[in-house]
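# Coordinate inspection notes
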Amino acid sequence: MANVTVIGAQWGDEGKGKIVDWLASRADAVVRFQGGHNAGHTLVVGNQVYKLSLLPSGIVTGTLSIIGNGVVLDPWHLKSEIEKLEGQGVVINTENFAVADNCPLILPLHRDLDGLREAAAGSGKIGTTGRGIGPAYEDKVGRRAIRVCDLAHLDALDAQLDRLCAHHDALRAGFGQPAVDRAALIAELKEIAPFVLQYAQPVWKRLKKVRKAGARILFEGAQGVLLDVDHGTYPFVTSSNTVSGTAASGSGLGPSSAGFVLGIVKAYTTRVGSGPFPTELDDETGQCLGERGHEFGTVTGRKRRCGWFDAVLVRQSCAISGVTGIALTKLDVLDGFETVKICTGYRLGGKILDYFPSHAADQANVEPIYEEMEGWSGTTAGARSWADLPAQAIKYIQRVQELIETPVALVSTSPEREDTILVRDPFVD
Ligand code: IMP
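Residues numbered from 1 in each chain as written. Predicted model: local features only at pLDDT ≥ 70, side-chain atom pairs only at ≥ 80, totals over all residues. Heavy atoms only, no water.

### Remarks on the overall build of the protein chain
Within the protein chain, the secondary structure is distributed over 12 helices and 18 strands. Overall size of the protein chain, expressed as C-alpha extent along the three principal axes, is 65 × 50 × 35 Å. Split into buried and exposed, the 429 residues of the protein chain put 55% on the buried side. When the accessible surface of the protein chain is summed, it comes to about 17200 Å², and 50% of that surface belongs to carbon and sulfur atoms. When the 43 positive and 50 negative side-chain charges of the protein chain are each reduced to one mean point, those points stand 4 Å apart. (Helix = DSSP H or I, 4+ residues; strand = E, 2+ residues; numbered from the N terminus. Buried < 20%, exposed > 50% of the residue type's maximum accessible area, 1.4 Å probe, protein only. Areas by Shrake-Rupley, 256 points an atom, 1.4 Å probe, with all protein chains shown as cover. Lys, Arg positive; Asp, Glu negative; His and termini not counted. Charge placed at Lys NZ, Arg CZ, Asp CG, Glu CD.)

Okay, structure coming up:
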């Protein structure tokens, strides 16, 4: 049976929530494999709105939901998100929810460091979500993290805490902050441990069993390929690998389990936080895209930067992530523009580039080369078949598909689940 891996192919916020919700309703298991509670997925089911940051989207419909080892887990946030959902009537128990016991924890000291660094960086700040994601991943690869399984051994944590605190105390001293209060940290961990441990297990084993039984697994990516720590606009990136390949390493299943890789692509471009953005529009058109697309961050409420569709970036994301097909979202936001533009290449120092260069200065200096197309006056909102779309909108989709060298699997035309044009079902093909 086919699995599906969903990833964002731009800078996140591509509208993954609706697509993931639709796929999750047909999956037997949903797995988060990277990131943490920096993600923001809004699900609308019936007349209820659910806001998820850490929990896999399947949780809302009772589908087996798994947090894989590639995620960094804030145990206090986990508790509050679960309690909030339970307050909305969602049933969460050890039958339908599991957390990898080898997940590194996000601790209050990570949040502190995230905030201190950002405050000190001034205009050079990354614009993080302030949730401690980066510092937690640093401690993971620095081999001094406290992991979920450690919560069952808190009385034997001294050596690990020595390593962790030695590192953080030195950094905190540099910011004029007091050393980590170890006693308070241990007390907080002791209090939260039983809550987290009830869900903790080697999830790779559970997934192996699920896979053997022929179940459909949905791997739910967070953020987007352009925020990938290797392939994104470094250093203005998140601290995890957001590409599809992480579905395997971040869950404990092999690469062959990824299945159909569905790249979610917005019909224009947005970005939250700092960093290069070649097609950004600082004018009325950018303002208009933001207003029509309700472009405000789900987690931080920040206004998103907006610009024209950048085919060079999306082509690169699709190649890097092995995207099988894309879901094109928010096409209706472009309704009514007299003309629309697509970036097809860059100019840099007298050269023409057909890719996004790696160096930060080059990324900041590339000038977009645009192709201008006639817009459409009719509406695409709510379209459910090609026949419902204005001819020019179809031309736009076809041109996008051609330029990114990846087929369109579906087009989403409103937040409603049914308002979708399905070309190829990721679970069936
Ligand atoms: P961090 O992940 O909090 O460290 O933030 C690093 C960068 O990734 C910042 O530019 C954030 O705005 C961006 N970012 C993190 N999570 C998301 C997301 O879910 N959507 C869009 N941008 C995100």
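Let us keep going from here.
### Examining the site of the ligand
Surrounding the ligand, one finds 15 residues, the nearest of these being Asp13, Asn38, Thr129, Thr238 and Arg302. Between Thr129 and the ligand, the recorded distance is 2.6 Å, taken from a side-chain N or O atom to an oxygen atom. Within the backbone of Val272, an N or O atom sits 3.2 Å from an oxygen atom of the ligand. Relative to its free-state accessible area of 470 Å², the ligand is covered by the protein chains to the extent of 96%. The residue makeup of the shell around the ligand, split by class, is 6 nonpolar, 7 polar and 2 charged. (Near = heavy atom within 4 Å. Polar contact = N/O pair within 3.5 Å; in protein donor to acceptor, adjacent residues only side chain to side chain. Nonpolar A, V, L, I, M, F, W, Y, C, P; charged D, E, K, R; others polar.)

### Notes on the nonpolar core
By size, the foremost hydrophobic cluster in this structure holds 91 residues, and its most contacted members are Ile67, Leu78, Phe97, Leu334 and Tyr396. Considering every element that reaches this core, the biggest residue donor is helix H6 (residues 182-197), with 7 residues. Once you skip the residues sitting within four places of it in the chain, Leu78 turns out to touch Leu54, Leu55, Ile67, Leu73, Phe97, Val99, Phe195 and Val196. If you look at the next biggest cluster of nonpolar residues, it comprises 17 residues, including Val4, Leu23, Ala409 and Leu410. (Core = buried A, V, L, I, M, F, W, Y, C linked by side-chain atoms within 4.5 Å. Contact = heavy atoms within 4.5 Å.)

### Re the packing of helix H2 (residues 75-87) against H6
Put simply, H2 and H6 touch, their axes get as near as 10 Å, and they point 50° apart. Here H2 is positioned oblique relative to H6, judged by the angle of their axes. For the crossing formed where H2 meets H6, the hand is left-handed. Across the interface between the two elements, Pro75, Trp76, Leu78, Lys79 and Ile82 from H2 touch Glu188, Leu189, Ile192, Phe195 and Val196 from H6. Residues that form the contact of H2 with H6 fall into these classes: 8 nonpolar, no polar and 2 charged. (Axes fitted to C-alpha atoms, helices over the stretch in contact; angles between N-to-C directions. Parallel < 35°, antiparallel > 145°, perpendicular 65-115°, else oblique. Left-handed = near helix turned anticlockwise from the far one by under 90°.)

### Thoughts on helix H12 (residues 391-404)
Each turn of an α-helix holds 3.6 residues, which means side chains three or four residues apart point in the same direction. For H12, built from 14 residues, the straight-helix expectation of 20 Å at 1.5 Å per residue is met to within 8% by its first-to-last C-alpha distance of 20 Å. Within H12 the residues assigned to the buried category are Gln392, Ala393, Tyr396, Ile397, Val400, Leu403 and Ile404. Viewed end-on, H12 has its buried residues packed into an arc of 145°, placing them on one side of the element. What points out from H12, more than 90 degrees from its buried face, is the exposed set Ala391 and Glu402. On the buried face of H12, the contacting elements are strand E12 (309-310), helix H10 (311-320), strand E13 (325-329), strand E14 (339-348), strand E16 (367-374) and strand E17 (408-412). Of the residues flanking the end of H12, it is Glu405, one or two places downstream, whose phi is positive at about 55°. (Expected span 1.5 Å × (residues − 1). Arc of directions from axis to C-beta.)

### Comments concerning helix H5 (residues 158-174)
Compared with the 24 Å implied by 1.5 Å per residue over 17 residues, the 24 Å span of H5 between its first and last C-alpha is a close match. When H5 is considered as a whole, its buried residues turn out to be Gln160, Leu161, Leu164, Cys165, His168 and Arg172. As for H5, its buried residues are in contact with helix H3 (108-121), helix H4 (133-141) and H6. At the exit of H5 stands Gly176, carrying a positive phi of roughly 70°.

### A closer look at the environment of Pro235
Structurally, Pro235 can be placed in the loop between strand E8 (217-220) and helix H8 (246-249). Note: C-alpha distance between Pro235 and Arg172 (63 residues apart in sequence) is 22 Å. When neighbours within four sequence positions are excluded, Pro235 is seen to be in contact with Ile126 and Ala360.

### Here's the deal with the side chain of Asp228
Tracing the chain through its elements places Asp228 in the loop between E8 and H8. Although Asp228 lies buried, it forms no salt bridge, and the closest oppositely charged side chain, Arg271, sits 12 Å away as judged by the N-O distance. A distance of 2.8 Å separates a polar atom in the side chain of Asp228 from the backbone nitrogen of His231. Not counting residues up to four positions away in its chain, the partners in contact with Asp228 are Val237, Ser240, Asn241, Thr242 and Val243. (Salt bridge = Lys/Arg side-chain N within 4 Å of Asp/Glu carboxyl O.)

### Focus on the UniProt feature "binding site: Mg(2+)" (unreviewed entry) in the protein chain
The UniProt record annotates "binding site: Mg(2+)" (unreviewed entry) at Asp13 and Gly40. What stands out for the annotated residues spanning 28 residues is how close their C-alpha atoms remain, the widest pair being 8.0 Å apart. Along the polypeptide, Asp13 turns up in the loop between strand E1 (4-8) and helix H1 (16-24). Not counting the four nearest positions on each side in its chain, Asp13 is found in contact with Lys266, Thr270, Val272 and Arg304. (UniProt positions renumbered as here; feature names shortened; annotations may be inferred.)

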